[in-house]
Amino acid sequence: LPLLLKATLLRLASGSYRPFYNGFYYNHIMNDNDDGQDKVDYFSGAKLVVETSKDPVYSYSGANVTLPCHYRYEPDMGPKRKIRIKWSKLRDDYTKEQDVMVAIGKTYMAFGDFKGRAHIHQASRHEASLVISDVRLKDDGKYRCEVIDGLEDESDVVDLRLQGIVFPYQPPRGQYRLNFHEAEQVCRDQGAILANFNQLFQAWSEGLDWCNAGWLADGTVQYPIRLPRKPCGGVHLAPGIRSYGPRHRHLHRFDAFCFSSALKGEVFYLDRLAGMTLEEAKQSCQDAGAEIARVGHLYSAWKFLGLDRCNAGWLADGSVRYPIATPRANCGPEEPGVRSFGFPSKGRFGVFCYKER
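What counts, and where the lines are drawn
- Residues numbered from 1 in each chain as written.
- Predicted model: local features only at pLDDT ≥ 70, side-chain atom pairs only at ≥ 80, totals over all residues.
- Heavy atoms only, no water.
- Helix = DSSP H or I, 4+ residues; strand = E, 2+ residues; numbered from the N terminus.
- Buried < 20%, exposed > 50% of the residue type's maximum accessible area, 1.4 Å probe, protein only.
- Contact = heavy atoms within 4.5 Å.
- Areas by Shrake-Rupley, 256 points an atom, 1.4 Å probe, with all protein chains shown as cover.
- 1 Å grid on protein atoms, 1.4 Å probe; cavity = no way out; pocket = protein on both sides within 12 Å on 5 of 7 lines; lining within 4 Å.
- Points joined across faces, edges and corners; volume = space filled by probe spheres on them.
- Nonpolar A, V, L, I, M, F, W, Y, C, P; charged D, E, K, R; others polar.
- pLDDT = per-residue confidence, 0-100.
- Salt bridge = Lys/Arg side-chain N within 4 Å of Asp/Glu carboxyl O.
- Arc of directions from axis to C-beta.
- Polar contact = N/O pair within 3.5 Å; in protein donor to acceptor, adjacent residues only side chain to side chain.
- Pairing = 2+ DSSP bridges.
- Axes fitted to C-alpha atoms, helices over the stretch in contact; angles between N-to-C directions.

A. Focus on the overall build of the protein. From N to C terminus, the protein includes five helices and 25 strands. Looking at the protein as a whole, 42% of its 357 residues are labelled buried. Residue pairs at least 24 apart in sequence account for 60% of intrachain contacts in the protein once pairs closer than 6 positions are excluded. By element, 53% of the accessible surface of the protein is carried by carbon and sulfur atoms, the whole surface being about 19300 Å².

B. Structural context of the environment of Lys115. Within the secondary structure layout, Lys115 lies in the loop between strand 9 (107–110) and strand 10 (118–121). Remark: the alpha-carbon pair of Lys115 and Met101, spanning 14 residues in sequence, is separated by 8.5 Å.

C. Representation of the layout of surface pockets. As a volume, the largest pocket reaches approximately 1300 Å³. Lining the largest pocket we find 49 residues, and of these Ile165, Val166, Gln199, Ala203 and Leu208 sit closest to its centre. Of all the secondary structure elements, the ones that give two or more residues to the lining of the largest pocket are strand 12 (141–149), strand 13 (152–162), strand 14 (164–169), helix 3 (197–205), helix 5 (295–305) and strand 24 (337–340). Here the lining of the largest pocket is composed, by residue class, of 23 nonpolar, 13 polar and 13 charged. Where the lining of the second largest pocket is concerned, the elements lending two or more residues are strand 7 (84–90), helix 2 (180–189), strand 15 (193–194), strand 19 (255–261) and strand 25 (350–356). Per-element accounting of the lining of the second largest pocket gives the leading share, three residues, to helix 2.

D. Summary view of the confidence of the model for the protein. Averaged over every residue, the pLDDT of the protein is 87; the share at 70 or more is 85%. Residue range residues 1–34 is modelled with pLDDT below 50. Its contacts to residues more than four positions away, or to other chains, number 36 contacts. Under a pLDDT of 50 for its full length, residues 36–43 has, in the predicted model, nine contacts with residues more than four places off or in other chains.

E. Highlighting the pattern of salt bridges. Across all of its chains, the model carries 17 salt bridges by this definition. Between Glu74 and Arg72 there is a salt bridge, and its shortest N-O distance comes to 2.7 Å. Looking at Arg72, the relative accessible area reads 31%, which means it is partly exposed. Here Arg321 makes a salt bridge to Asp317, at a shortest N to O gap of 3.7 Å.

F. Molecular detail of helix 2. Among all positions in helix 2, only Phe180, Ala183, Val186 and Cys187 are buried. Viewed along the axis of helix 2, the buried residues span an arc of 120°, placing them on a single side of the element. On its buried face, helix 2 is in contact with strand 14, strand 15, strand 16 (214–215) and strand 19. Regarding helix 2, its N-cap is Asn179, as a side-chain oxygen of that residue lies 3.1 Å from the backbone nitrogen of His181 further along. Following helix 2 by one or two positions, Gly191 adopts a phi angle in the positive range, close to 70°.

G. Expanded view of the sheet that holds strand 4 (residues 57–59). Spatial ordering of the open sheet is given by 4-13-12-7-8-9, a layout of six strands whose pairing is mixed. Edge positions in the open sheet fall to strand 4 and strand 9, since each of these has one partner strand only. On average, each strand axis in the sheet is tilted by 20° relative to the strand beside it, whichever way the strands run. Bridging between strand 8 (residues 98–104) and strand 9 involves four bridges; their strand directions are antiparallel.

H. Representation of the side chain of Ser260 within the structure. By the secondary structure assignment, Ser260 is in strand 19. Residue classification places Ser260 among the buried positions, given a relative accessible area of 2%. Within the structure, Ser260 has its side chain in polar contact with the backbone oxygen of Gly296 (distance 3.4 Å). Every residue in contact with Ser260, bar those within four places of it in the chain, is listed here: Leu137, Gly164, Ile165, Phe167, Gly191, Ala192, Gly296 and Ser300.

I. A look at helix 4 (residues 278–287). When helix 4 is considered as a whole, its buried residues turn out to be Ala281, Ser284 and Cys285. Take helix 4 and look down its axis: the buried residues cluster within an arc of 95°, on one side only. Exposed residues lying more than 90 degrees from the buried face of helix 4 are Glu279, Gln286 and Asp287. Buried residues belonging to helix 4 abut strand 20 (265–270), strand 21 (291–292), strand 22 (313–314) and strand 25. Directly after helix 4, the chain includes Gly289, whose backbone phi takes a positive value near 75°.

Structure, rendered in structure tokens:
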């Protein structure tokens, strides 16, 4: 033990050890002149303050968005040495934060899915805003802006929310057949992702009422109830989001709540006099220079483009559905929505196709 302690002290004294701060090694962090000599930086009395937007920043799939972040010193001490900026994304399940990008001066590096899509916007001396281009569904969430000046380290959080729609999904096999990982996959297959709690809550506030429990992105299982009733938690419970809490991601099985945002293309309807089988429907879309639409495409077109069609059509998952923006006779219930005929094994219908712009 004495030998180990002595070796450790010698290593520290030799200067080979570098302190580890905020996920990055800082060589000579006290001295930006880079002359190889570390020096003590006594506290100057200036306080570093970092501020982001207190209100959520709204965007949509395929757009460009700026997450504002500014910093200042109290009192202002004039020009400071180069500061370090780090942006990270907080995960829904509260596990380790996801690195987005780091920047020192005009040099920056983006990570993972943000490579080629993220950069720092510095229109003013104390700006550290993050620009994300070609916004994707999974970009939705909370982001931390962290500013590091020597030993001073301050941060603030901004919330990016995508304008979108939540829809419940059951596979052809029926109710409560999906573990968490299968739920993630079926949402991706439908041009969507698993919804988070904020998205489900927003959908509930807009009228979503669904009595089947489904997975959310954080591994919890919940369902939204507007009209309390006996099979859905009881008549004496107030309206709201019912929660089963976290469930086992491999063993437990439920439905899924998927989230889709605005489209970068269009959804259109094709039909033949005698209708089409599913395979004929897929081919018809290909012949039109498109693909057969997914469930997420149809919901997004109904929500954001006002798609209204009182004709049932095939979708990529083998389901048959149709969107109604203006309820009318012979087109289902009195409320707007996407109607479903389930997954017919036989039958001939039209088809909804999707084409990128």
